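Listed below are the residues making up each chain.
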Amino acid sequence: MAADKKVEAKKVEKTIVVGAQAPNFIIKDTNGKQIDLKKLSAKGPVLVRLTCGCSGCDKELAYFQALHRAYASKGLTSLAIFREPDDKVEEYVKTKQLNMLYAVDSKGDSWKIFQTNTMPTNFLIEKGGRIKAIAAGCEPSGLVAEALSKKVAGLLKTETVDVRKNVQDK
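**Q** Would you mind going over the pairing of strand 5 (residues 101-104) in detail, with residue names and values included?
**A** Relative to strand 5, strand 4 (residues 77-82) is paired through 4 bridges, and the arrangement is parallel. If you follow Leu79 over to strand 5, its bridge partner there is Leu101. One crossover worth recording links strand 4 to the parallel strand 5 by way of helix 3 (residues 86-96), and it is right-handed.

**Q** Provide a residue-level description of the nonpolar core, including the pertinent values.
**A** Counting 19 residues, the largest nonpolar core has Leu47, Leu67, Tyr71, Leu76, Leu124, Leu148 and Val152 as the members making the most contacts within it. Contributing elements (two or more residues each) for this core: helix 2 (55-71), strand 7 (131-136), helix 5 (143-156) and helix 6 (163-168). Those residues in contact with Leu148, other than ones at most four positions away along the chain, are Leu47, Phe64, Leu67, Asn122, Leu124, Ala133 and Ala135. The next biggest cluster of nonpolar side chains, apart from the first, holds 18 residues, and it includes Ile16, Ile27, Leu40 and Ile81.

**Q** Tell me about the packing of aromatic side chains, residues and numbers included.
**A** In this structure the tally under the stated criterion is 4 aromatic pairs. Each ring, one from Phe82 and one from Tyr92, has its centre 5.7 Å from the other, and the planes form 70°; the classification is edge-to-face. One end of the pair, Phe82, is in strand 4; the other, Tyr92, is in helix 3, with 10 residues separating them in the sequence. Geometry around Phe64 places Arg49 over its ring, the cationic atom sitting 4.1 Å from the centre. Positioned above the aromatic ring of Trp111 is the side chain of Arg83, whose terminal nitrogen or guanidinium carbon lies 5.4 Å from the ring centre.

**Q** Lay out helix 2 with the relevant residues and their values.
**A** The end-to-end C-alpha separation of helix 2 is 25 Å, in line with the 24 Å expected for 17 residues at 1.5 Å each. Bending of helix 2 peaks at approximately 30° at the position of Leu61. When you tally the buried positions in helix 2, you get 12 out of 17 residues, the bulk of the element. Residues of helix 2 that are buried in the fold lie against strand 3 (46-51), strand 4, helix 3, strand 6 (121-125), helix 5 and helix 6.

**Q** Describe the environment of Phe25, naming the residues involved and giving the relevant values.
**A** Position of Phe25 among the secondary structure elements: in the segment before strand 1 (26-28). Relative accessible area serves as the criterion here: at 3%, Phe25 is assigned to the buried category. Separated by 113 residues in the primary sequence, Phe25 and Cys138 place their C-alpha atoms 23 Å from one another.

**Q** For the confidence of the model for the protein chain, give the residues involved together with the corresponding values.
**A** Note: predicted coordinates in regions of low pLDDT should not be interpreted at a detailed level. Predicted confidence across the protein chain gives a mean pLDDT of 91, with 93% of residues reaching 70 or more. For the stretch residues 1-5, pLDDT sits under 50, and the model shows 0 contacts to residues farther than four places along the chain or on other chains.

Calculation rules
- Residues numbered from 1 in each chain as written.
- Predicted model: local features only at pLDDT ≥ 70, side-chain atom pairs only at ≥ 80, totals over all residues.
- Heavy atoms only, no water.
- Pairing = 2+ DSSP bridges.
- Helix = DSSP H or I, 4+ residues; strand = E, 2+ residues; numbered from the N terminus.
- Right-handed = clockwise from strand over helix to strand, strands pointing away.
- Core = buried A, V, L, I, M, F, W, Y, C linked by side-chain atoms within 4.5 Å.
- Buried < 20%, exposed > 50% of the residue type's maximum accessible area, 1.4 Å probe, protein only.
- Contact = heavy atoms within 4.5 Å.
- Phe/Tyr/Trp six-rings, centres within 6.5 Å; stacked < 30°, edge-to-face > 60°.
- Lys NZ or Arg CZ within 6 Å of the ring centre and 35° of its normal.
- Expected span 1.5 Å × (residues − 1).
- Bend = angle between axes of the 7 residues up to and from the residue.
- pLDDT = per-residue confidence, 0-100.

Okay, here's the thing in structure tokens:
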């Protein structure tokens, strides 16, 4: 009988893991220009940061901006995706003088594509599109950015920059 059958919840296989190919992902920036992860990662490593403007993410932002500044000229592209309304993000970007690519995804579709509910979550994607590292959760003292800085330096075959020291020295 149908009533006696147990309805099994469909388990979604986690495919966004370290070592896997990054998802096909395209998002529009606030000017309507398409940002295509595949095209970005064809040029070099990409750091995708799914974030918001909460106090923890706000404190962490300085470290991720320092990370971006340290490695952008060596080939790193940083992309912040905010889960906030457009007008709030625009004000936040101006106030924080954000110096990296960014987009707004107030519906949270990016979180579904990257198979995460945690905010923030950072995905370091190596040239060619393979996921090198995933760092989930907020760490306002810069430890996550520091760990990712070491991995970025390894991908770019360059000296590691101490992003925590760079922020603290400002």
